[in-house]
2 protein chains.
Amino acid sequence: MKKALLALLALPSIAFAQMDTTADEAAIRSFYDMALEERHAYGWLEELCKEIGPRLAGTEGADKAVEWAQETLDTLGFDRVFLQEVKVPHWERGECSVQLSDTDLEFTSCALGGSVATPEGGLIAKVIEIPDVDDLESFGRDQIEGKIVFFSAPMRQTYISTGAAYGEAVAKRHIGAAKASEYGAVAVVIRSVTTKKDDAPHTGSMSYRDAPNKIPAAALGYQSADDLQALLAENPELELYMKMTCEWHDSTTSYNVIAEFVGSEYPDEYAVVGGHLDSWDLAEGAQDDGAGSVQSMEALYLMMKSGYQPKRTHRVVLFMNEEFGLDGAREYARQAQLLGHKHVIGIESDGGGDVPRGFSIQSLPSGVSVVESFKWFLEPYGLREYSVGWSGADVGQLRNDDAILLGYRADGQRYFDYHHAPTDTFEVINARALELGSASMAAMLYLLDKYEARP
Amino acid sequence: MKKALLALLALPSIAFAQMDTTADEAAIRSFYDMALEERHAYGWLEELCKEIGPRLAGTEGADKAVEWAQETLDTLGFDRVFLQEVKVPHWERGECSVQLSDTDLEFTSCALGGSVATPEGGLIAKVIEIPDVDDLESFGRDQIEGKIVFFSAPMRQTYISTGAAYGEAVAKRHIGAAKASEYGAVAVVIRSVTTKKDDAPHTGSMSYRDAPNKIPAAALGYQSADDLQALLAENPELELYMKMTCEWHDSTTSYNVIAEFVGSEYPDEYAVVGGHLDSWDLAEGAQDDGAGSVQSMEALYLMMKSGYQPKRTHRVVLFMNEEFGLDGAREYARQAQLLGHKHVIGIESDGGGDVPRGFSIQSLPSGVSVVESFKWFLEPYGLREYSVGWSGADVGQLRNDDAILLGYRADGQRYFDYHHAPTDTFEVINARALELGSASMAAMLYLLDKYEARP
């Protein structure tokens, strides 16, 4: 019984005694040394943020980013670098103004991604403050009809996981307009979904779902939301003037950027490491997801540069349009299936460039065990947190029973301070934190490949 | 044998079954909730940085900081708040200019803390680049005499612990001038000890030890050091012009600021939580150590506010002049001994305000075990790294066999980017990271007190 139990525990995780730990430690150490000394990811991120900047799918910025990524990857010695066509939406935010009616008082605001415009001359309406989407019903059509709904609830600060707080808070951005329109609202303004109490407005995708009546939706800076709340407390009858000139254009063509290194033993098995190349249009997209893009590029580059010969075919995939429909990831997964490209490993970085905390694991329990057998190697580098269930929005499209998919987890305390806001600039990225992430991803790629990890 | 071994392992750490874990989890959760919601530490830090700013011991800034701390602590409901007199040095940096002789090319520079001035009209000399203090001997008096020694080695980036990298790199700042003067150097310039490759000059204490000949010493910004290195490669005969107007004044009087809450069961046993109130004169001292000061204030405030009644007497101690001689900590320890105040617990925060990683422990092995029995409570908040041997420069002065002394460990990747530089401002502090630190310290204080922890 005891032996059987031990055998059960030992498989399919990689038994410690089977590993060449001395060589592995040295290889992993070399990834960190190179990353911290050479700072390629940090240099690339500066180019992506400062030379290209905002790069919403469908815009010229995204086109330039694709070109930049292809040219940069071309210098790194991959077997091939190529583009994969992706159909993407094309939305333009235009101008956005939210004012206290009949005054000069302007709130800091931005259109939510995908919003329709206001009527050409703008609109004027009374405001009703409602904490969040779930509270609409208790107010009811009587109180809401003809008004601008102001969703005022802040992102809850007491969560330790800011991702959990975001998950709870983001409904007002994503479906607030669709839901409020059911009660006859004429527009929606929301308090920005952010952990930082500054006045930067945070955009992000919204959806009308099947709403028969599409109403404009904007985000206010956190401080502007405070101001509006205070003004409403004084005068519940106040009116807002809103003008937004958003435009939807025809869908257009963009690209996933892919760099490939053919495996020496299992060329038909694919391992991908990736982030998304698009960003919101207000931001340089340093945290979201310039960081993940350049870390992915560097992770595979570090592994190749160390002299290690991957057994499986490895790819960097820079996905297009994660922000506004996941089109790149869906197209990549669709093509992989069409071509019979069996994807067994995926690592995504899309949680910002802060210091490493660990990995989240999306795999069968046996795949989880394999990853957990490698934890020991990464503890000296500060990776001690592993969770199970989810990898990332892009790489997660590749889920299948034969795959181990991972999300690289950077510390998330700062992430939502900048997320989708004009403040998400290169300057908020710390070089060492970013580079530790690249090396951590390289180390995990290396271990998964060397020990032929599978669920 | 087996039973005896288990008993040995179980004592004196606190056995899990002995703890009221449900109540403890709830109490700890309440500390984090209050900290993250109310952000007292963050608000205090803004005042300390923006209303007072630089506060080198002996200067007017330090006087104002003492006043601010006393007034602020007075509002928090302690049993008493008082000042403890401390004799401190008084050094003034004056102006510092390092130029390429006979040109307009000025390098970004600052005097090292404690340096003497140059002669009134400045000095001009050739430069010899020497990587670090240990390399002086291989160059020898022949090459060094009459020259300015330029210690050019950067802080090594490949350490994962930036503290370890700092320990290796800081000799050139601390004793570079004393050592170079033994070989007849007329002055020293060093590459700033920093992890950031910007051009901010980083000051910090230096010492002449017993050097018969005190020579001026300055730090160059990292990029300025690169520039000087490149110029020297082209022209090894180049000369620098240096002018510094530092002044030493008579020692003066300053204060530790102490807030006390008398214990309900063991009033004669003392637990202290502290940081240092002084900062370098170039900086707002947000990371070093405004963060630790306000976290210490908040940690004890959170515990009191939760309604928990400490059994031991608890103190916040804001130490004066950690940076330039540890006078406050030495005086505090001296007084404690004189008065027979038995200090059994100490927690110091002096590693910046970044996200929590864990604690370092300075105690007998039995004291270490006690702390380790509490690790479980703090894992959900991201604290997973515990090391043994050292607490902090200030609290470490209280070491004795009956004490458990801890250093709160924030993530250190960013810390030396700003350390002792004009860039160490309020803006580099993340509110949530800072507050998580306060709550972590409160949680540890609470557990140590509730379970009457001792070695």
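As recorded in an unreviewed UniProt entry, chain A goes by Carboxypeptidase Q and comes from Phaeocystidibacter luteus. Reading the Subunit (unreviewed entry) entry of the UniProt record for chain A gives the comment "Homodimer. The monomeric form is inactive while the homodimer is active."

Let's talk about the overall build of chain A
Per the secondary structure count, chain A includes 15 helices and 16 strands. Relative to the compact-globule value of 23 Å for 455 residues, chain A shows a C-alpha radius of gyration of 23 Å, a close match. Taking the principal axes of its C-alpha atoms as reference, chain A extends roughly 75 × 55 × 40 Å. Taken over 455 residues, chain A has a buried fraction of 62%. Counted over contacts in chain A with a minimum sequence separation of 6, partners at least 24 positions apart contribute 84%. For chain A, the exposed area adds up to about 17000 Å²; of that, 49% sits on carbon and sulfur atoms.

A word on the sheet that holds strand E6 (residues 148-151) of chain B
All names here are of chain B. Pairing in this open sheet of eight strands is mixed, and the strands run E3-E2-E9-E5-E6-E7-E8-E4 from one edge to the other. The sheet is open, and its two borders are formed by strand E3 (106-107) and strand E4 (109-111), each paired with just one other strand. Here strand E7 (residues 187-191) runs beside strand E8 (residues 217-220); their pairing, made up of four bridges, is parallel. Along E8, the bridge assignment pairs Val 188 with Ala 217. The sheet contacts of helix H9 (residues 222-234) involve strand E2 (96-100), E3, strand E5 (123-130), E6, E7, E8 and strand E9 (239-244), and relative to E7 the element is tilted by about 115 degrees.

Focus: the domain arrangement of chain A
When the parts of a complex come together, some accessible area is lost, and that lost area is often taken as the interface size. All names here are of chain A. Here chain A is described as being made up of domain 1 (2-91 + 250-451) and domain 2 (94-245). A C-alpha centroid distance of 34 Å is found between domain 1 and domain 2. Across the contact, 16 residues belong to domain 1 and 23 residues belong to domain 2. Of all residues in domain 1, the largest losses of buried area upon contact with domain 2 belong to Trp 91, Phe 416 and Asp 417, amounting jointly to 42% of the total for that side. Counting across the domain 1 and domain 2 interface gives zero salt bridges. For the pair domain 1 and domain 2, the interface holds eight residue pairs in polar contact (both at pLDDT 80 or more). At three residues, helix H14 (residues 415-418) tops the list of elements feeding residues into the side of domain 1 that touches domain 2. Broken down by class, the residue content of the side of domain 1 that touches domain 2 amounts to eight nonpolar, five polar and three charged.

Side note on the pairing of strand E12 (residues 312-319) of chain B
Residue and element names in this part refer to chain B. Burial of E12 is extensive: eight of the eight residues sit out of reach of the surface. Examined bridge by bridge, strand E10 (residues 247-261) and E12 share five bridges and lie antiparallel to one another. From the neighbouring strand, Glu 260 faces E12, where its bridge partner is Arg 315. Sheet topology places strand E11 (residues 266-276) next to E12; eight bridges connect them, and they run parallel. By the bridge assignment, Gly 275 is partnered in E12 with Leu 318. Taken together, E11, helix H10 (residues 286-305) and E12 constitute a β-α-β crossover, and its handedness is right-handed.

Considering the UniProt feature "domain: Peptidase M28" (unreviewed entry) in chain A
Under the local residue numbering, the UniProt record ascribes the feature "domain: Peptidase M28" (unreviewed entry) to residues 256-435 of chain A. Regarding residues 256-435 of chain A, the helix share stands at 30% and the strand share at 28%, and the terminal C-alpha atoms are separated by 23 Å.

Quick notes on the relation of the copies chain B and chain A
When chain B is fitted to chain A, the residual RMSD is 0.0 Å, and the transformation amounts to a turn of 180 degrees plus an axial shift of 0.0 Å. The superposition operator between the copies reduces to a two-fold rotation axis. In terms of proximity to the rotation axis, the leading residue of chain B is B:Arg384, whose C-alpha is 3.7 Å off the axis.

Regarding the interface of chain B and chain A
Counting residues at the interface gives 32 residues for chain B, matched by 32 residues for chain A. Overall, the association of chain B and chain A removes approximately 2900 Å² of surface from exposure, summing both partners, and the carbon and sulfur fraction of that is 43%. It is B:Ile160, B:Arg414 and B:Arg432 that lose the most area in chain B upon contact with chain A, and together they represent 24% of the buried surface on that side. In this assembly, chain B and chain A are joined by four salt bridges.

Quick notes on the packing of aromatic side chains
When we look at a pair of aromatic rings, we describe it by the centre distance and by the angle of the planes. Residue and element names in this part refer to chain A. One pass over the full model with this rule turns up 30 aromatic pairs over all chains. Judged by centre distance (6.2 Å) and plane angle (35 degrees), the ring pair of Phe 374 and Tyr 451 falls under tilted. Linking Phe 374 in the loop between helix H12 (365-372) and helix H13 (375-378) with Tyr 451 in the segment after helix H15 (431-450), this pair joins segments that are 77 residues apart in sequence. Here Phe 374 matches Tyr 451 in class, with each residue buried. Grouped by ring-pair contacts, the aromatic residues Trp 91, Trp 248, Trp 280 and Phe 324 constitute a single cluster. In this arrangement the basic side chain of Arg 80 is found over the ring face of Phe 82, its NZ or CZ atom lying 3.9 Å from the centre. The cationic tip of Arg 191 hangs over the ring face of Tyr 222; the distance from NZ or CZ to the ring centre is 4.5 Å.

Side note on the packing of helix H3 (residues 40-52) of chain B against helix H15 (residues 431-450) of chain B
All names here are of chain B. Where H3 meets H15, the axes come as close as 8 Å, and the angle between the chain directions of the two elements is 115 degrees. Seen from above, H3 lies across H15 with right-handed handedness. Each of His 40, Ala 41, Tyr 42 and Leu 45 in H3 lies in contact with H15, whose residues at this interface are Ala 431, Leu 434, Glu 435 and Ser 438. Its residues assigned to classes, the contact of H3 with H15 shows five nonpolar, two polar and one charged.

Points about the sheet that holds strand E13 (residues 342-348) of chain A
All names here are of chain A. The eight strands lie next to each other as E1-E10-E12-E11-E13-E16-E14-E15, forming an open sheet whose pairing is mixed. One side of each edge strand has no neighbouring strand; the edge strands of this open sheet are strand E1 (80-92) and strand E15 (385-388). Each strand of the sheet is rotated relative to its neighbour by a mean of 20 degrees, with strand direction disregarded. With six bridges connecting them, strand E11 (residues 266-276) and E13 associate as parallel partners. Among the inter-strand pairings, Tyr 270 is bridged to a residue of E13, identified as His 343. Its contacts with the sheet place helix H10 (residues 286-305) against strand E10 (247-261), E11, strand E12 (312-319) and strand E16 (404-410), and it is angled at close to 145 degrees to E11. Contacting E11, E12, E13, strand E14 (356-362), E15 and E16, H15 crosses the sheet at an angle of about 40 degrees to E14.

Observations regarding the environment of A:Ala421
All names here are of chain A. The topology assignment puts Ala 421 in the loop between H14 and H15. Ala 421 sits 222 residues away from Asp 199 along the chain, and the two C-alpha atoms are 9.9 Å apart. Excluding residues that lie within four positions of it along the chain, Ala 421 makes contacts with Ala 200, Pro 201, His 202, Leu 282 and Ala 283.

So, H9(B)
Compared with an ideal rise of 1.5 Å per residue, which puts 13 residues at 18 Å, H9(B) spans 19 Å between its outermost C-alpha atoms and is within 8% of the ideal. Buried residues along H9(B) sit against E3, E5, E6, E7, E8 and E9 of chain B.

Overview of the pattern of salt bridges
This model, assessed by the stated rule, comprises 48 salt bridges over all chains. Between A:Glu379 and A:Arg384 there is a salt bridge whose closest N-O contact spans 3.7 Å. By relative accessible area, which is 34% here, A:Glu379 ends up partly exposed. With its nearest N and O atoms 2.9 Å apart, the salt bridge here joins B:Asp354 to A:Arg414.

Side note on helix H6 (residues 162-169) of chain B
Of the residues making up H6(B), those classed as buried are B:Thr162, B:Ala165, B:Tyr166 and B:Ala169. Taken down its axis, H6(B) places every buried residue within 100 degrees of arc, on the same side. Lining the buried residues of H6(B) we find H15 of chain A together with helix H7 (171-174) and helix H14 (415-418) of chain B.

Focus on the environment of B:Asn213
Residues and elements named next belong to chain B. The residue Asn 213 is located in the loop between E7 and E8 in this model. A relative accessible area of 42% places Asn 213 in the partly exposed class. Once the C-alpha coordinates of Asn 213 and Gly 392 are considered, the two residues, 179 residues apart in sequence, prove to be 32 Å apart.

The rules behind each value
- Residues numbered from 1 in each chain as written.
- Chains lettered and ligands numbered in written order.
- Predicted model: local features only at pLDDT ≥ 70, side-chain atom pairs only at ≥ 80, totals over all residues.
- Heavy atoms only, no water.
- UniProt positions renumbered as here; feature names shortened; annotations may be inferred.
- Helix = DSSP H or I, 4+ residues; strand = E, 2+ residues; numbered from the N terminus.
- Rg over C-alpha atoms; globule rule 2.2 N^0.38 Å.
- Buried < 20%, exposed > 50% of the residue type's maximum accessible area, 1.4 Å probe, protein only.
- Contact = heavy atoms within 4.5 Å.
- Areas by Shrake-Rupley, 256 points an atom, 1.4 Å probe, with all protein chains shown as cover.
- Pairing = 2+ DSSP bridges.
- Axes fitted to C-alpha atoms, helices over the stretch in contact; angles between N-to-C directions.
- Domains from an automatic or database assignment.
- Buried area = accessible area lost by both parts, 1.4 Å probe.
- Salt bridge = Lys/Arg side-chain N within 4 Å of Asp/Glu carboxyl O.
- Polar contact = N/O pair within 3.5 Å; in protein donor to acceptor, adjacent residues only side chain to side chain.
- Nonpolar A, V, L, I, M, F, W, Y, C, P; charged D, E, K, R; others polar.
- Right-handed = clockwise from strand over helix to strand, strands pointing away.
- Least-squares fit on C-alpha atoms with pLDDT ≥ 70 in both.
- Phe/Tyr/Trp six-rings, centres within 6.5 Å; stacked < 30°, edge-to-face > 60°.
- Lys NZ or Arg CZ within 6 Å of the ring centre and 35° of its normal.
- Left-handed = near helix turned anticlockwise from the far one by under 90°.
- Expected span 1.5 Å × (residues − 1).
- Arc of directions from axis to C-beta.

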